[in-house]
Number of protein chains: 2
Amino acid sequence: MKVDLCLKSNHVLNVFSRKFEPNILWINKGKIVATSSSTDYSARRTLDYANQYIVPGFIDAHVHIESSLLTPSELAKVILPQGTTSIFTDPHEIANVAGIEGIQYMMDDAAQSLLDVFVMLPSSVPCTPFEDNGTVLTASKLKPFYQNQQVRGLAEVMDYPAVAANQADMTAKINDCLAANKQIDGHGSGLSRRQLDVYRQHEITTDHEATTVQQVLERINEGFYVFLREGTVERDLENIIGAVDEMNANRVAFCTDDKLVSSLLTEGGINDCIRKAIQHGVRPETAYTMASFNAAQAHQTPFIGALSPNYKADLVILDDPYDVKIHQVIKNGHLISNHDFETTSLKFIENSMNFTLDKDDLKLPLKSDTANVIQLIPNHIETNHLIQKVDVKQGNFVPNIARDQLKMVVVERHHHTGKIGKAIVNGFRLTHGAVASSIAHDSHNIIAVGTNDADLYAAIMHLKKIGGGITIFDQQQELATLPLKIGGLMSDMSYSKTNQKLKEITAAYKSISWPIDFDPFITLSFLALPVIPTLKLTARGLYDFEQQKFIDISC
Amino acid sequence: MKVDLCLKSNHVLNVFSRKFEPNILWINKGKIVATSSSTDYSARRTLDYANQYIVPGFIDAHVHIESSLLTPSELAKVILPQGTTSIFTDPHEIANVAGIEGIQYMMDDAAQSLLDVFVMLPSSVPCTPFEDNGTVLTASKLKPFYQNQQVRGLAEVMDYPAVAANQADMTAKINDCLAANKQIDGHGSGLSRRQLDVYRQHEITTDHEATTVQQVLERINEGFYVFLREGTVERDLENIIGAVDEMNANRVAFCTDDKLVSSLLTEGGINDCIRKAIQHGVRPETAYTMASFNAAQAHQTPFIGALSPNYKADLVILDDPYDVKIHQVIKNGHLISNHDFETTSLKFIENSMNFTLDKDDLKLPLKSDTANVIQLIPNHIETNHLIQKVDVKQGNFVPNIARDQLKMVVVERHHHTGKIGKAIVNGFRLTHGAVASSIAHDSHNIIAVGTNDADLYAAIMHLKKIGGGITIFDQQQELATLPLKIGGLMSDMSYSKTNQKLKEITAAYKSISWPIDFDPFITLSFLALPVIPTLKLTARGLYDFEQQKFIDISC
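Cut-offs and rules
Residues numbered from 1 in each chain as written. Chains lettered and ligands numbered in written order. Predicted model: local features only at pLDDT ≥ 70, side-chain atom pairs only at ≥ 80, totals over all residues. Heavy atoms only, no water. Helix = DSSP H or I, 4+ residues; strand = E, 2+ residues; numbered from the N terminus. Rg over C-alpha atoms; globule rule 2.2 N^0.38 Å. Buried < 20%, exposed > 50% of the residue type's maximum accessible area, 1.4 Å probe, protein only. Contact = heavy atoms within 4.5 Å. Areas by Shrake-Rupley, 256 points an atom, 1.4 Å probe, with all protein chains shown as cover. Lys, Arg positive; Asp, Glu negative; His and termini not counted. Charge placed at Lys NZ, Arg CZ, Asp CG, Glu CD. Phe/Tyr/Trp six-rings, centres within 6.5 Å; stacked < 30°, edge-to-face > 60°. Buried area = accessible area lost by both parts, 1.4 Å probe. Salt bridge = Lys/Arg side-chain N within 4 Å of Asp/Glu carboxyl O. Polar contact = N/O pair within 3.5 Å; in protein donor to acceptor, adjacent residues only side chain to side chain. Nonpolar A, V, L, I, M, F, W, Y, C, P; charged D, E, K, R; others polar. Axes fitted to C-alpha atoms, helices over the stretch in contact; angles between N-to-C directions. Left-handed = near helix turned anticlockwise from the far one by under 90°. Least-squares fit on C-alpha atoms with pLDDT ≥ 70 in both. Pairing = 2+ DSSP bridges. UniProt positions renumbered as here; feature names shortened; annotations may be inferred.

Novice: What should I look at first to understand the overall build of chain A in this one?
Specialist: Regarding its fold elements, chain A presents 15 helices and 31 strands. At 24 Å, chain A has a C-alpha radius of gyration in line with the 24 Å of a compact globule built from 555 residues. Principal axes of the C-alpha set define a box for chain A whose edges measure 90 × 50 × 45 Å. Within chain A, the proportion of its 555 residues that are buried is 66%. Summarising the internal contacts of chain A: among those between residues at least 6 apart in sequence, 68% fall at separations of at least 24. When the accessible surface of chain A is summed, it comes to about 18900 Å², and 49% of that surface belongs to carbon and sulfur atoms. Averaging the locations of the 50 positively and 64 negatively charged side chains of chain A gives two centres separated by 2 Å.

Novice: Just checking my understanding: could you explain the packing of aromatic side chains for this structure?
Specialist: For any pair of aromatic rings, the description consists of the separation of the ring centres together with the inter-plane angle of the planes. Residues and elements named next belong to chain B. One pass over the full model with this rule turns up 26 aromatic pairs over all chains. A centroid spacing of 5.6 Å and a plane angle of 80° characterise the contact between Phe130 and Phe550, whose relative ring orientation is edge-to-face. With Phe130 in the loop between strand S10 (116-121) and helix H3 (139-142) and Phe550 in strand S31 (residues 549-551), this residue pair connects regions lying 420 residues apart in the sequence. According to the relative accessible area criterion, Phe130 is partly exposed, its value standing at 22%.

Novice: Please clarify how the interface of chain A and chain B should be interpreted in this entry.
Specialist: How large an interface is tends to be reported as the accessible area lost when its parts come together. With 42 residues of chain A at the contact, the number on the chain B side is 42 residues. For the pair chain A and chain B, the summed buried area comes to about 3400 Å², and 43% of that belongs to carbon and sulfur atoms. On the chain A side of the interface with chain B, the three residues burying the most area are Phe16, Arg194 and Met247 of chain A, jointly 21% of the side's total. Of the charged contacts in the structure, one is a salt bridge between Asp245 of chain B and Lys19 of chain A, with a shortest N-O distance of 2.8 Å. Inspection of the chain A/chain B interface yields 20 residue pairs in polar contact (both at pLDDT 80 or more). Sorting the residues of the side of chain A that touches chain B by element identifies strand S3 (19-28), strand S4 (31-35), helix H6 (193-201), helix H7 (213-222) and helix H12 (293-298) of chain A as the ones contributing at least two each. Of the residues contributing to the side of chain A that touches chain B, the split by class is 12 nonpolar, 16 polar and 14 charged.

Novice: Explanation requested: the packing of H6 of chain A against H7 of chain A in the structure shown.
Specialist: Packed helix pairs are specified by the crossing angle of their axes together with the interaxial distance, meaning the distance between the axes. Residue and element names in this part refer to chain A. H7 packs onto H6 with a crossing angle of 35° between their chain directions and a minimal axis gap of 10 Å. Pair H6 / H7 crosses with right-handed handedness. Along the contact surface, H6 presents Arg193, Leu196, Asp197 and Arg200, while H7 presents Glu218, Arg219, Asn221 and Glu222. Classifying every residue of the contact of H6 with H7 gives 1 nonpolar, 1 polar and 6 charged.

Novice: What is the right way to read the relation of the copies chain A and chain B from this model?
Specialist: Turning one copy of the chain about an axis and sliding it along that axis gives the other copy, so a rotation and a shift relate them. Superposing chain A onto chain B requires a rotation of 180° together with a translation of 0.1 Å along the rotation axis, leaving an RMSD of 0.1 Å. Put plainly, the chains are arranged around a two-fold axis. For chain A, the smallest separation between a C-alpha atom and the rotation axis is recorded for Asn181 of chain A, amounting to 3.5 Å. Of the interface residues in chain A, 100% have counterparts in chain B that sit at the interface too, so the contact is made through matching surfaces.

Novice: What am I meant to see in the pairing of strand S26 (residues 446-450) of chain A here?
Specialist: Remember that side chains alternate between the two faces of the sheet whenever the strand is regular. Residues and elements named next belong to chain A. Of all 5 residues that make up S26, 5 are buried, and the element is covered over most of its length. Here S26 shows two buried faces, one formed by Ile446, Ala448 and Gly450 and the other by Ile447 and Val449. The pairing of strand S23 (residues 405-411) with S26 spans 5 bridges and is antiparallel. What sits directly across from Val410, in S26, is Ile447. Examined bridge by bridge, strand S25 (residues 434-437) and S26 share 4 bridges and lie antiparallel to one another. Counterpart to Val435 in the pairing with S26 is Val449.

Novice: Looking at this structure, how should I read the pattern of salt bridges?
Specialist: A side chain of one charge can pair with a side chain of the opposite charge if their charged atoms are brought near each other. Residues and elements named next belong to chain A. Per the stated rule, a full pass over the model turns up 68 salt bridges over all chains. Residues Lys77 and Glu74 are paired through a salt bridge, measuring 2.9 Å at the closest nitrogen-oxygen approach. Here Lys77 pairs with Glu74, and both are found in helix H1 (residues 72-79), just 3 residues apart, close to one helical turn. Neither residue differs from the other here; Lys77 and Glu74 are each classed as buried. Two residues, Lys325 and Asp319, come together in a salt bridge whose shortest N-O distance is 3.5 Å. The class of Lys325 is partly exposed, set by a relative accessible area of 45%. Classification of Asp319 as partly exposed rests on a relative accessible area of 29%. When salt bridges with common partners are traced through the structure, they connect Glu230, Arg235, Lys259, Glu267, Asp272, Arg275, Lys276 and Asp323 into a single cluster.

Novice: Explain the sheet that holds strand S15 (residues 252-255) of chain B here, please?
Specialist: The strands that make up a sheet pair up through hydrogen bonds in the backbone, lying either parallel or antiparallel. Residue and element names in this part refer to chain B. Judged by pairing direction, the sheet is parallel, and its 8 strands sit side by side in the order S8-S9-S10-S11-S12-S13-S14-S15 without closing on themselves. Of all strands in the sheet, those bounded by a partner on one side alone are strand S8 (58-63) and S15. The sheet shows a mean angle of 30° between the axes of neighbouring strands, direction not considered. Strand direction decides the pairing type here: strand S9 (residues 84-89) and S10, joined by 4 bridges, are parallel. In the sheet register, Thr89 faces S10, and the bridge partner there is Val119. Here helix H7 (residues 213-222) sits on the sheet and contacts strand S13 (204-207), strand S14 (225-229) and S15; the angle it forms with S14, its principal contact strand, is near 155°.

Novice: Before we go on, may I ask you to explain the side chain of Ser17 of chain A in this structure?
Specialist: Mapped onto the fold, Ser17 of chain A is located in the loop between strand S2 (5-14) and S3. For Ser17 of chain A, a relative accessible area of 4% corresponds to the buried category. There is a polar contact of 2.9 Å between the side chain of Ser17 of chain A and the side chain of Asn14 of chain A. Apart from residues no more than four positions distant in its own chain, Ser17 of chain A is found in contact with Met247 and Asn248 of chain B.

Novice: Is there a simple way to think about the environment of Ser9 of chain A in this case?
Specialist: All names here are of chain A. Of note, Ser9 is situated in strand S2. Residue classification places Ser9 among the buried positions, given a relative accessible area of 3%. Ser9 sits 180 residues away from Ser189 along the chain, and the two C-alpha atoms are 42 Å apart. Setting aside its immediate chain neighbours within four residues, Ser9 contacts Glu21, Pro22, Asn23, Tyr49, Ala50, Gln52, Tyr53 and Ile54. Only 3.3 Å separates the side chain of Ser9 from the backbone oxygen of Tyr49, close enough to count as a polar contact. At 2.7 Å, the side chain of Ser9 and the backbone oxygen of Gln52 are in polar contact.

Novice: What is the right way to read the pairing of strand S27 (residues 469-474) of chain A from this model?
Specialist: Residue and element names in this part refer to chain A. The buried count for S27 comes to 6 of 6 residues, which makes it a mostly enclosed element. A two-sided burial pattern is seen for S27, the buried positions comprising Gly469, Thr471 and Phe473 on one face and Ile470, Ile472 and Asp474 on the other. For S25 and S27, the ladder comprises 4 bridges, and the chain directions are antiparallel. Pairing of Ala436 across the sheet is with Thr471, part of S27. Hairpin remark: S27 followed by strand S28 (residues 477-483), antiparallel, with 2 residues in the connecting loop; positive phi at Gln475, about 50°.

Novice: Sorry, what's going on with the UniProt feature "domain: Amidohydrolase-related" (unreviewed entry) in chain A here?
Specialist: Look at the UniProt record and you will see "domain: Amidohydrolase-related" (unreviewed entry) annotated at residues 53-335 of chain A. In residues 53-335 of chain A, helix accounts for 36% and strand for 22%; the two terminal C-alpha atoms are 16 Å from one another.

Structural data, given as structure tokens:
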């Protein structure tokens, strides 16, 4: 039989025994059809990588594409050349904006690319019942998606109380997924051993929130697959890789979770995870197996992640396995080159900025000059709850740059509800102007922080005009903007243009702030997330996580 | 929360990291609900096995229950106390006799027992199109069984040509199984690397026919799970255990395939596999993981085989892990004792001996005194093809005891077709009398061998009267009989009675034969199987495997 391609090497990774072995791969119609020497097969094209190393294509076990700021097909252009041939994505952000149409858009756009984009259905949209997001994704809305073979399960179940209480809609989501013979990811951030037990009782099988060696071992012992995470902000891998040994490695994979286009371009994604794991003493054979087969196993997704018959011909040829130095990436039997990367921008919701705003709406009346103030913690998504004296003029709060007490607002932008939350925030270190963003987890309303109402208003209204993004204004002039037209979350530009704009807004921010050692946009994006301690701001007002209720700004 | 049972030990096997660790298991309603110390749980009963070892219940990855000669519920009484808490069985033998009613009987009988009997549906009934067995199991007959949760897939696919040629019914069987999200076992006996490729292309995922280290490694490399076999006759484990190391062990499990009640009672089943593996240098932690979790993984059967939350509380408490010395077996959270073993004999086909026979039917006319003779090979299921001078009187073959040329017959016993195959056999070493059996793979017609027609006839007719079994006659007197009333394959007696009768027929055989160093009944049972080399006898006559056709006895 004549096949498309024959690859030879003295170092082909056998993930089943975690060894490099001499082998020959016979590839036809995108699949490996046979291995080892053969008189039955001949190939139209033979490539001899005698002294190079062949490993399966890398698999990102859990990633939110939206966090890259790129569309799926544009992200593919960044990560395919880095060796990642499949990702398991949770379109949680776009789903909060655009519901099932958002999920469908991600799948349609991904279909343009060779990258295999497997979807885990968002389990918590909205993240709380008292959020103002774009839509409510009930079990019945998710269920039809399980018919799609690219949909592999239910994504990061994070509503522990709903699971533990067998809340009806959560139970339906879990049961629908299991009935479809698909798999449920967990989100075990901070869960106790007893709470993890409850997740296991509900057949939740993975976790990517372990941040200590102890947590990794505990989760492995409980029967979870553990995904070691290395994102732009959440940098856990090097803290926890020590938990992995040759005996438990088959229960461990890698993920990026949330990684900006800028970090992907400078340091990489799963290739970076592999490199760091090897630097910390993991055998290359084991690291590459974790980066491929294990992620597929964890997601019960057959025939990706190994170099054996019937597996997709997704593979990476390495010059140096220790340094993850990539010579060539092959996806579906196809040698990846720039030529493979022509995609077109799919039509999606034209402008998802559905709000009106008057400048006076930004006024923040206070009953006293003692206020509950949100203090950001650099490089963390939690906040501190401060009680501080603040400036009040004519009954309204006035920002104080010297004390770094700025005004923050969250403007509901999905349904014209007119809801505006306002608060006082410490830590952004702005000296002029304002910044506004349409990325605000998880509901993705407009969030803005500024030194004065005029710039706040100008920045927010600019986002309305352009359909979302991140923008910096000073003296009512636009300093820089990263447009994010796809749901206010993702850029419709190329990855390089997007990365350039990201640099520009970062420089613009720094031009109107004291020196900072954190990413102001990611930090800002988490200040509206009420499921994280301690004090947060939603479109409904100031939320105290400890008390689990909205509170007044004035004390 | 109050739970049924709490177990403590300093040495609890964590199969996910293959380590013994101190742990506490909280068990309720047959499941492990939590592990480790707890303030949330208290137990009605606590057992402290501080210095003993707790491992998951053993799992037999592939076994034909019928080969034990016991019913499923009776086999459970033998193997549960030996630590086997789950088996994956292929009811291939009873299916050849009684079709889907036979499969249903096995499941119904098994349901009486605590033993988890998972069923893989027989894929080749009959084994060839030119066989006279009880029924034809097409894909459409098997399909409804996939609804049953105890049915886990399609059993040992052995018809390689049908798979390779995409023969319609075989393709339907495979597709039905995959559509039900269940798993396909292979039977890769003697298959080449290229043939194994074809199995993989058809998503066949396991093999238990490796007999050399090289074959084990080849199959692991191809992506198969490999089951190391240790049966009564097929003793492969010690020849191939050397293929297993800490890197590939998670792709390997144990099976018994075919094991007589007598071997199970004297040496054990999976417990014997574990013991031998450890004696050959496998770490106990790894051997017990192979014997439990790996078999469940291979069969895509969740929540058995590990000591973690949501897993069935199937476990074995060991005094000595090296010697597999069992202190207590717990199944579904239930401490196994004799009390658990009361079962009743289920009604099944009253008598499956559907044939009539005249004594004259046994006559074997020959055209010459040179004949094709079947020579058995002690302890192998293959035969040699001899061409010998034989005695002929009045045109009919006459057995010659001195030259060990005996008469063998196969009597169709399912559908009164009147078919009788006759042949000359060398190697049984009988000096008097005859032996008849209703176990004759795979069609299970009556097979008999004897020194004279009168005893042959008496033995065969005795089986007809009692509904099947194995019987020894001399001078037309019954010397000993093991009745096998369940389809002519399984005893309706207790395992100890069955074992006693098995001893009696063995002794009776030896009383009418020269010394032998093989099991005459198992040997006899394979002489009617035409898919194995070289010369075999079916109800349709003498079959030459090499020529793939029936041949005359006379040369």
